[in-house]
2 protein chains.
Amino acid sequence: MPATIPVILSGGAGTRLWPISRRLAPKQLQRLTGERSMLEDTLARISHLDGEAMVVANVEQLGAIEGQVPPGTRLVGEPVARNTAPAAAAAALLSDPEDVLVVLPSDHHIADTKTFRAALESAIGGARSGHLVAFGVVPDRPETGYGYIVPGPPASSGRLIERFVEKPDLQAALGLIESGALWNGGMFAFQARVLVDEMARHAPAVLEAVSKSVASAKSQGSRLLLGEEFGQAPSLSVDVAVMEKTDLGLVVELDAGWSDAGSWESLYALGQSDSSGNVILGDVVTEDVKSSYLRSDGPLVAVLGVDNLVIVATGDAVLVTKRDRVQEVKRLVERLEGRSELSIPPPSSSDR
Amino acid sequence: MPATIPVILSGGAGTRLWPISRRLAPKQLQRLTGERSMLEDTLARISHLDGEAMVVANVEQLGAIEGQVPPGTRLVGEPVARNTAPAAAAAALLSDPEDVLVVLPSDHHIADTKTFRAALESAIGGARSGHLVAFGVVPDRPETGYGYIVPGPPASSGRLIERFVEKPDLQAALGLIESGALWNGGMFAFQARVLVDEMARHAPAVLEAVSKSVASAKSQGSRLLLGEEFGQAPSLSVDVAVMEKTDLGLVVELDAGWSDAGSWESLYALGQSDSSGNVILGDVVTEDVKSSYLRSDGPLVAVLGVDNLVIVATGDAVLVTKRDRVQEVKRLVERLEGRSELSIPPPSSSDR
């Protein structure tokens, strides 16, 4: 009997969430939104599926991941980051061809698990009927930073995918929403066999390199370390490599309080704001502060007479910016390349 | 031959310069403006005088002070803070009656030592002729947070003091400057005997309590610890206790780049600003930041897309505020009463 296997992709570095997110402890492993990390939340969200979960991540993050996953979880180590298509291909090649894979990023926030699971059932149904299924998130704003999926006629448990639109301008985004387009949430379901077939057709270079790396993979306890050939795969997303090209695309609607939790502004929106519109976490004291995201994972932070700021302090680094500039944190952080404050987790307050 | 004795008052807590300034390591002991602390700068500025310096400070700060003063400096410990009049009275009672005392705060910045020393010579001359001499700082703005001295007719090496005006409103400040009034810099020169006589006349309760505390003082190496009776003295400034009441007041003009270095805005003004108008000290990285004071004595501080902020980070605390709100830091800090981040010096980066 073929299984339904959660495949969690944990490749992201979460640079825009520095200084909490670090290369060796990226955002999906941090307690950014609650008591659990987003990886733990993601695993809990699909814990009812019958297959044992597989986590695909950069080999240098496996140690940190191991402490957050249930026993029996398969850990697949990528020698280098190559975006999501090679990771999904590896997961498919490591599964029974008839298995359905549910491929989820490790670093998204979903408020409503019940609704998510209902959409997941539809997606699994679509996958069993031979489709490559994408989750289409119901938009709540004309976001220009996301990709959109334009649905076509109904089929199986969803609607056929008419086309993908990558990062539209505002005018186009408004038109897309008007016409019923959905955000591409980067979550997929498909049979292993179908993905491999479609990848052979549309992205053979990915499949070839990943096949070799699976053949030369080495086991190490619960870990499987993919061979160096993985690095020869083109760095492509599942969307670009397969979904935009296949005739088998199906989209299932998801309206469950989804957030990519990708920036401090996203976390501000996810947080509980007080009567001054501030989201405050940790040892923070304020006076006449409004509409700000204020977080300390270490030092005492005292803030006076400002508004619309993001202030994030750890034991070794502090970020101060405006809420509407948070996308540029990535660029600022790139300038810090090579510094330990980018890669090594900050000292916790209890260490000091 | 009577000596000229520098008396440095180091009683201030420097609350507005938190988180660098701490109760056990207040601003005058910190390297805020250069390679030396302001106490060290102050001592260097009067090192040419023949008398050995005396530093009057809260007893709990003497340990930190001891490491910053030349050998032979007398350290006088106050059991409690009682403003400047009791401290000056103690210094006078501990000196030869004919000695001239030059009483200086430990936490002011003076850019031009040569001009300061010339004014000092005039002040000492005035003191030797029996006056209580105040230094009147030539104003460069209609500051409403300072006291003003209105000079009268010339006498001795300065001008007689006509009256004092405490913290005028803006209109009054403009009028005062127009009429040639000077800022009260809180720096004085007088013979010990003259101060004691005038204090007996105008502030007998101060003199009585301080006399008892000098009588019961205990030596401890180079330290002299004033007795508990010191605490019975009314908490008064030299200005209020004596200068505003005496007929012997003389003012000597000082135009030497004086700053009370009392707030982060003062330190911004004293600092070297770059082409974006930022004053940056320590491990700070900026992108599109303007007109800000950015200082780290510990963590990496990354700042993006803001202006006119003050950001000061230490190993255990971070302050973020607007440059025009820095006076309110004192009030914010009062809310932190009892926390170690107020009293104990922050861990230095080399400790971590």
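In the block above lies the structure referred to throughout.
Quick notes on the rules
- Residues numbered from 1 in each chain as written.
- Chains lettered and ligands numbered in written order.
- Predicted model: local features only at pLDDT ≥ 70, side-chain atom pairs only at ≥ 80, totals over all residues.
- Heavy atoms only, no water.
- Helix = DSSP H or I, 4+ residues; strand = E, 2+ residues; numbered from the N terminus.
- Rg over C-alpha atoms; globule rule 2.2 N^0.38 Å.
- Contact = heavy atoms within 4.5 Å.
- Areas by Shrake-Rupley, 256 points an atom, 1.4 Å probe, with all protein chains shown as cover.
- Lys, Arg positive; Asp, Glu negative; His and termini not counted.
- Charge placed at Lys NZ, Arg CZ, Asp CG, Glu CD.
- Buried < 20%, exposed > 50% of the residue type's maximum accessible area, 1.4 Å probe, protein only.
- Pairing = 2+ DSSP bridges.
- Axes fitted to C-alpha atoms, helices over the stretch in contact; angles between N-to-C directions.
- Buried area = accessible area lost by both parts, 1.4 Å probe.
- Salt bridge = Lys/Arg side-chain N within 4 Å of Asp/Glu carboxyl O.
- Core = buried A, V, L, I, M, F, W, Y, C linked by side-chain atoms within 4.5 Å.
- Least-squares fit on C-alpha atoms with pLDDT ≥ 70 in both.

1. Topic: the overall build of chain A
- Along chain A, the regular secondary structure elements total 11 helices and 19 strands.
- For 352 residues, the compact-globule estimate of 2.2 N^0.38 gives 20 Å, and chain A sits close to it at 20 Å.
- Considering only residue pairs separated by 6 or more positions, chain A has 67% of its internal contacts joining residues 24 or more positions apart.
- Element-wise, carbon and sulfur atoms account for 49% of the exposed surface of chain A, whose accessible area totals about 14000 Å².
- The positive charge centre, built from 32 side chains, and the negative charge centre, built from 45, are 3 Å apart in chain A.

2. A short note on the environment of A:Asn184
Residue and element names in this part refer to chain A.
- Its location among the elements puts Asn184 in strand 9 (residues 182–191).
- For Asn184, a relative accessible area of 15% gives the class buried.
- Once the C-alpha coordinates of Asn184 and Gly147 are considered, the two residues, 37 residues apart in sequence, prove to be 5.4 Å apart.
- Every residue in contact with Asn184, bar those within four places of it in the chain, is listed here: Phe135, Gly147, Tyr148, Ile149, Phe164 and Asp239.

3. A word on the sheet that holds strand 17 (residues 300–304) of chain B
- Strand order in the open sheet made by the 6 strands is 14(A)-16(A)-18(A)-19(A)-17(B)-15(B), with mixed pairing throughout. At either end of the open sheet lies a strand with only one pairing partner, and these are strand 14 (279–281) of chain A together with strand 15 (284–287) of chain B. Here the strands of the sheet are splayed against their neighbours by 5° on average, with no regard to which way each runs.
- Across 5 bridges, the pairing between strand 18 (residues 309–313) of chain A and strand 19 (residues 317–322) of chain A is antiparallel. Bridge pairing in strand 19 of chain A places A:Val312 opposite A:Leu319.

4. A word on the interface of chain A and chain B
- Listed as interface residues are 35 residues of chain A and, on the opposing side, 35 residues of chain B.
- Carbon and sulfur atoms supply 58% of the area that chain A and chain B bury against each other, a total of about 3000 Å² over both sides.
- The tally of links from chain A across to chain B stands at 8 salt bridges.
- A salt bridge links B:Arg339 to A:Asp283; its shortest N-O distance comes to 2.6 Å.

5. Section: the nonpolar core
Residue and element names in this part refer to chain B.
- Val7, Leu101, Phe190, Met199, Val210 and Met243 are the most contacted members of the largest nonpolar core, which has 45 residues in total.
- When residues in this core are grouped by element, the largest group, 7 residues, is from helix 3 (residues 84–93).
- Ignoring anything within four residues of it in the chain, the contact list for Phe190 reads Ala88, Asp99, Val100, Leu101, Val103, Ala127, His131, Leu132 and Leu195.

6. Observations regarding the side chain of A:Ser263
All names here are of chain A.
- Considering the arrangement of structural elements, one finds Ser263 in the loop between strand 13 (258–259) and helix 9 (264–270).
- On the basis of relative accessibility, which here comes to 2%, the residue Ser263 falls in the buried class.
- In contact with Ser263, not counting residues within four places along its chain, are Arg16, Leu17, Val326 and Gln327.

7. Remarks on the sheet that holds strand 17 (residues 300–304) of chain A
- Ordered by their spatial adjacency, 6 strands build an open sheet running 15(A)-17(A)-19(B)-18(B)-16(B)-14(B), and the pairing between neighbours is mixed. The outermost strands of the open sheet, each flanked by one partner alone, are strand 15 (284–287) of chain A together with strand 14 (279–281) of chain B. Here the strands of the sheet are splayed against their neighbours by 5° on average, with no regard to which way each runs.
- Pairing between strand 17 of chain A and strand 19 (residues 317–322) of chain B: 5 bridges, direction parallel. Its bridge partner lying in strand 19 of chain B, A:Ala302 is registered against B:Leu319.

8. Quick look at the relation of the copies chain A and chain B
- With an RMSD of 0.0 Å, the fit of chain A onto chain B corresponds to turning through 180° and sliding 0.0 Å along the axis. In the structure described here, the two chain copies are related by an operation that fits a two-fold rotation axis. The position closest to the rotation axis in chain A is occupied by the C-alpha of A:Gly315, lying 3.7 Å away.
- Taken as a fraction of all interface residues of chain A, those also at the interface in chain B reach 100%, which identifies the copy contact as same-surface.

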